[in-house]
Structure formats: structure tokens, C-alpha cells
Amino acid sequence: MKRTLRIWDLPTRLFHWLLVVCITGAVICVNIGGYWMQWHAYFGYAVLSLVLFRVLWGFIGAIHSRFITFIPSPQRLIAFLTGKEGGGFGHSPLGSLSVIALLLVLGIQAGTGLFTDDDIAFQGPLAKYVSNATVSLLGSIHALNSNILFGLIGLHLLAIAYYQWVKRESIVMPMIQGDKEVDVEREGSGLPAVALLASKDGAAQRLTALLSLCVIALLLLYALGIISF
Ligand code: HEM
Ligand code: HEM
């Protein structure tokens, strides 16, 4: 039986597309360099705020955005890979692993950036608090980790292309407008009833998300000494 359900709430969708814009902005700016390093940092702070928000939303967000719904146990991963259980309506057990890897690698990228120095005119806001050796070490991790990030983004795009054009399942539209047509028997087989519900996406959730993101961003900028109250 096919049904159309709200899977991705607006906060998760906005998180995703803002993340894409900010990473693209950070990468363009670092390649131009000079004055634009300042904008590289601004995009980086935005990425860090978004990742911290997404971690919080993984606990308090709508059902399909919660870690508990999509992070698989080893048994569930095996059951999915051997076809004994469906992939669920949101991230599949395999897709979940790439989501976690992306969030982790993005956190490391933005976190190490705060201590990095370009040896010309730009310094991350926390570089002055650590030794030169630490700045150099975290700078090397920042450079190395960016390659891991680009690799993961490449895999992410390949997986999406595979779903869209080989499996002919539309997963991009749900990330844009929220609803997904799901096959309850096939994708939901073996899953607990709670994993088969629609995501709540009302005004209260959206307002909570907006306030949470604003508080996280302001606290981060305050902790980095970029703004003061
Ligand atoms: C900088 C590039 C990108 C990054 C870092 C990225 C990152 C992510 C992350 C972290 C998620 C998990 C969303 C969540 O649960 O919060 C996700 C999901 C998703 N992304 Fe991206 N994304 C990128 C580009 C794209 C692009 C260009 C597309 C579309 C053409 C896309 C389509 C999707 C879709 C469809 C999902 C949901 C996958 C599923 O149903 O399991 N992403 N992405
Ligand atoms: C997720 C967000 C970020 C991404 C994707 C990113 C990406 C990159 C990339 C690709 C490079 C070039 C690395 C290389 O030398 O090959 C770079 C360099 C750099 N980034 Fe970031 N970065 C991010 C966040 C930040 C933040 C928040 C800061 C500081 C506030 C920062 C500061 C720097 C500095 C100073 C360099 C120059 C390092 C050098 O010249 O050796 N980055 N970043």
C-alpha cells in the first residue's frame, strides 16, 4: 500500500540546503583567498552552528529527523542489507551511516578551522590561545579533513544519483518539499509502529527550531569573542 507522508520537517530541509550553500560559499572563498578568508570564516561559523543545531534536532526534532529513528543497530543494518527488513521511510540504515559521517567530518572541519592560520593575514579566532605547534597541527588536520569531506560529498551525490536514476525513487523532492510517497509493506516491513508515522511539521516545531538555531549561533559567536552582549 502506497501512502504520501510528511518525512522531512521544514527545519531539517532548511538545515540541509543552508548547509549546501554555506559549504559552497566557504570553499569558493578559500579559493579566492585574501579578503575573502574573512567570509570563509563566516561561512564556517554558519556551518558549525548548523551542525550543532542538527545534533540538537536529532534529539528533539520530528520523528524521522531523530537519531533514535534512523541510526541502525548492527542487527538492523544486517537485516536491511540481507533484505529481511525494509529501509524505513527516512534515511535508510546505510544512508544513516553517511549522514553521521558527514556531520562528524563537518564538525571537525569547522572546529579545526577555528584554530587555523593562513600564514598571511587571517587567523581563526581561537588560534591565539594555543601554541604555534598546535595551530600547525590543527591546520594540517583542516586541510586533510577537507579531502575526506569532499570524498563523502561525492559519495553522497553518487548515492542520490543511484536512487534517482537507477532505482527510480524520488528522494530529492522530499528533501525540497517534505512529503514522500512510501510503500508501507515494503519499506516499513519489520519496523516498529513509531517508525511508520508522519513527521510533525507545525508552527510550534518550526518556531522551536528557529529559536534553537538563533540561540546556538549567538552563543557560538559570543564564545568565539566575535560578538558581545
Ligand atoms: C555540500 C553538499 C552536501 C552536503 C554536505 C549534504 C549533506 C547532507 C546531510 C547531512 C544529509 C542528512 C540530512 C538530515 O537528516 O539532516 C543529507 C541528506 C540528503 N541530501 Fe544532501 N548534502 C549535500 C548536497 C546535496 C545535493 C546537491 C542534493 C540533491 C541533488 C542532496 C540531496 C539530499 C537528499 C535527497 C537527502 C536525503 C537522503 C535520504 O533520503 O536519506 N544533497 N545531505
Ligand atoms: C565546514 C566549514 C569549512 C570548510 C568546508 C573549510 C574548507 C577549507 C579548505 C578546503 C581549505 C584549504 C585547505 C588546503 O590548504 O588545502 C581551508 C583552509 C583554511 N580554513 Fe577552512 N573550512 C571551513 C571552516 C573554517 C573556519 C570556521 C575557519 C576559521 C574561522 C577556517 C579557516 C581556514 C584557514 C585560516 C585556512 C587556510 C589554511 C592555510 O592556508 O594553510 N575554515 N578551509
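In what follows, the structure referred to is the one given above.
Residues numbered from 1 in each chain as written. Chains lettered and ligands numbered in written order. Predicted model: local features only at pLDDT ≥ 70, side-chain atom pairs only at ≥ 80, totals over all residues.

A. Summary view of unusual backbone geometry. Backbone geometry at Asp119 places phi at a positive 65 degrees, although glycine is not the residue there. Within the secondary structure layout, Asp119 lies in the loop between α5 (93-113) and α6 (132-166). Owing to 10 C-beta atoms within 10 Å, Asp119 belongs among the exposed residues under this scheme. The backbone of Arg168 sits at a positive phi, close to 55 degrees, despite the residue not being glycine. Structurally, Arg168 is set in the loop between α6 and α7 (172-177). (Helix = DSSP H or I, 4+ residues; strand = E, 2+ residues; numbered from the N terminus. Buried ≥ 20, exposed ≤ 12 C-beta atoms within 10 Å, placed from the backbone.)

B. How the structure looks around the site of ligand 1. Close to ligand 1 lie 19 residues, the nearest being Ile23, His91, Gly95, Val99 and Met175. If you list the elements that add at least two residues to the shell around ligand 1, you get α1 (10-32), α5, α6 and α7. At six residues, the largest contribution of residues to the shell around ligand 1 is made by α1. Of the residues in the shell around ligand 1, the class split is 12 nonpolar, six polar and one charged. (Near = placed C-beta within 6 Å. Nonpolar A, V, L, I, M, F, W, Y, C, P; charged D, E, K, R; others polar.)

C. A look at the nonpolar core. Membership of the largest hydrophobic core comes to 20 residues, with the highest contact counts inside it found for Cys22, Ala26, Phe43, Ala46, Val47, Leu50 and Val51. The greatest single-element share of this core, amounting to 10 residues, is contributed by helix α2 (residues 37-60). Setting aside residues up to four positions removed in sequence, Cys22 forms contacts with Phe43, Ala46, Val47 and Leu50. (Core = buried A, V, L, I, M, F, W, Y, C linked by C-beta atoms within 7 Å. Contact = placed C-beta atoms within 7 Å.)

D. Just the site of ligand 2, in detail. Around ligand 2, 23 residues are found, and the nearest of them are Ala41, Gly44, Gly113, Gly124 and Ser146. Those elements that place two or more of their residues in the shell around ligand 2 are α1, α2, α5 and α6. Here the element with the most residues in the shell around ligand 2 is α2; it accounts for five residues. Of the residues assigned to the shell around ligand 2, the class counts are 12 nonpolar, nine polar and two charged.

E. Highlighting helix α9 (residues 203-223). With 21 residues, α9 extends 30 Å between its outermost C-alpha atoms, agreeing within 8% with the 30 Å of an ideal straight helix rising 1.5 Å per residue. Note on α9: the residue one or two positions beyond its end, Gly225, has a positive phi of about 75 degrees. (Expected span 1.5 Å × (residues − 1).)

F. Fine view of the environment of Pro125. Here Pro125 shows up in the loop between α5 and α6. Pro125 sits in the partly exposed class, given 16 other C-beta atoms within 10 Å. Each C-alpha atom of the pair Pro125 and Ala204 lies 35 Å from the other, and the pair is 79 residues apart in sequence. In contact with Pro125, other than residues within four places in its own chain, are Leu114, Leu224, Gly225 and Ile226.

G. How the structure looks around the packing of α1 against α2. It is at 8 Å that the axes of α1 and α2 come closest, and there the two elements cross at 155 degrees. Between α1 and α2, the angle falls in the class roughly antiparallel. Between α1 and α2 the crossing geometry is left-handed. Packed against α1, whose contacting residues are Pro11, Thr12, Phe15, Leu18, Leu19, Cys22, Ile23, Gly25, Ala26, Cys29 and Val30, the element α2 presents Met37, Trp39, His40, Phe43, Gly44, Ala46, Val47, Leu50, Phe53, Arg54 and Trp57 at the interface. (Axes fitted to C-alpha atoms, helices over the stretch in contact; angles between N-to-C directions. Parallel < 35°, antiparallel > 145°, perpendicular 65-115°, else oblique. Left-handed = near helix turned anticlockwise from the far one by under 90°.)

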